[in-house]
Amino acid sequence: MTKPIHVTSEIGKLKTVLLKRPDVEVENFTPDMMPRLLFDDIPYLPTAQKEHDYFADTLRDNGVEVLYLEKLAAEALDAGGDEVKNTFLETMLAESGYAAGVTHDALKEYLSAMTTQDMVNKIMGGIRKNELDFVPRGLVSAAEEEDYEFFMDPMPNLYFTRDPAASIGDGLSINHMTFPARQRESLFMENIIKYHPRFADQGVQVWRDRNHTTRIEGGDELVLSDSVLAIGVSQRTSADAIEDIAHNLFSSNSGYEKIIAIRIPHNHAMMHLDTVFTMINKDQFTVHPGILGEGGHIDTWTITQGNDGELSLDHRTDLKQVLKDALHLDDLDLIPTGNGDPIIAGREQWNDGSNTLAIAPGVVVTYNRNYVSNELLRQHGLKVLEVLSSELSRGRGGPRCMSMPLVREDL
Ligand SMILES: NC(=O)NCCC[C@H](N)C(=O)O
């Protein structure tokens, strides 16, 4: 039987993928909330949904099974039963700032009265104060911001399913994410893996769970082969989290024995490694020229198992040579976003021109708006499937960010 999670490369034929269709969460906020929610604008929902459906159809038309996070989450909680649902709700409330007290009780009563699917959708979409027939009183609530409209914030970044968890081999990392706006997201995946019949008791390994203080996000986790990963040292993923997952992978039967840690600028436009660097074929990668310093150099550390349980780190700055050595390649084609033109590269990277999703070796899904980068990919021999991007791109993520591969064919 096919394993429910099996990903041994970035480019093997994509068989099953997890998406989240954008819903009210992407419009249930005001401009002043945008920086905190990690959004740069407020998408027009009907168009965002049409674009997302087009993306999902493009994948289906190419033989990919598409699963939806919101559906799996509800099915997992139903399969788990009342106690699981109750624990999920308590954890979600606690992580939303309500471990106990009158507001906790009111929210719990409100959510418990819903069907599981409605409850999941409501938590994802956010809960306004005016939805409940309840006005918090008492000292604790007096200290809260009275004018703030929400009891529970929406989670607009959920359609970037890439980040809360990452498939690696026959397992995954379920991530402790960096910013509060996204930290609750990985609780859905934790419950899916534990309780959904498709995953529970199927030998899915959790290489690193979400119960950590050090942070890692899936946009930084690239599966280069069945034994090599690349992980970004970025705004969202810290060096100590990389060392932690390295220890876990190297000391288990994961098959992974090498991690290339790549340091990228720590800023919002390049928040993850996959916003500036993706693998698209056996010997081809996209790269945003803005991350490469003089002579095309960048800090990388190749991490392997050392002696006495210690990790061994080899610092090098020639990315091309590091990749060639790790993947045993004679040559390598690093394709610059925007064809290296500083204005075009900056513009197209901002709209995720480097953020390609490979659905087979040499076949990539990209945003149509990045026409210079797309044309260049074609010139380099790739098959490029363009998807619509006017509204989806406002969340600052592209096709790789919007997809979590669950199963790929081995190369
Ligand atoms: N892998 C990715 O680069 N995901 C894009 C995440 C965008 C989202 N607004 C965020 O800031 O987390």
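- Going by an unreviewed UniProt entry, the protein carries the name Arginine deiminase and comes from Secundilactobacillus paracollinoides.
- Heading Subcellular location (unreviewed entry) of the UniProt record for the protein holds this comment: "Cytoplasm".
- Quoted straight from UniProt, the Sequence similarities (unreviewed entry) entry for the protein says "Belongs to the arginine deiminase family."

A closer look at the packing of aromatic side chains
So, point 1. A complete count under the given rule lists eight aromatic pairs for this structure.
So, point 2. For the ring pair Phe 29 and Phe 39, a centre distance of 5.7 Å and an interplane angle of 70° mean the geometry is edge-to-face. Highlighted residues: Phe 29 in the loop between strand E1 (14-19) and helix H1 (34-37) and Phe 39 in the loop between H1 and helix H2 (45-61), separated in sequence by ten residues. Neither Phe 29 nor Phe 39 differs from the other in exposure class; each is buried.
So, point 3. Look at Phe 88 and Phe 188: their rings are 5.7 Å apart centre to centre, the planes differ by 45°, and that puts the pair in the tilted class.

As for the site of the ligand
So, point 1. Close to the ligand lie 15 residues, the nearest being Asn 157, Arg 236, His 272, Gly 395 and Cys 401.
So, point 2. Here Asp 274 contributes a side-chain N or O atom positioned 3.1 Å from an oxygen atom of the ligand.
So, point 3. Relative to its unbound accessible area of 340 Å², the ligand is 100% covered by the protein chains.
So, point 4. For the shell around the ligand, a count of residues per class yields four nonpolar, six polar and five charged.

The rules behind these values
Residues numbered from 1 in each chain as written. Predicted model: local features only at pLDDT ≥ 70, side-chain atom pairs only at ≥ 80, totals over all residues. Heavy atoms only, no water. UniProt positions renumbered as here; feature names shortened; annotations may be inferred. Phe/Tyr/Trp six-rings, centres within 6.5 Å; stacked < 30°, edge-to-face > 60°. Helix = DSSP H or I, 4+ residues; strand = E, 2+ residues; numbered from the N terminus. Buried < 20%, exposed > 50% of the residue type's maximum accessible area, 1.4 Å probe, protein only. Near = heavy atom within 4 Å. Polar contact = N/O pair within 3.5 Å; in protein donor to acceptor, adjacent residues only side chain to side chain. Areas by Shrake-Rupley, 256 points an atom, 1.4 Å probe, with all protein chains shown as cover. Nonpolar A, V, L, I, M, F, W, Y, C, P; charged D, E, K, R; others polar.

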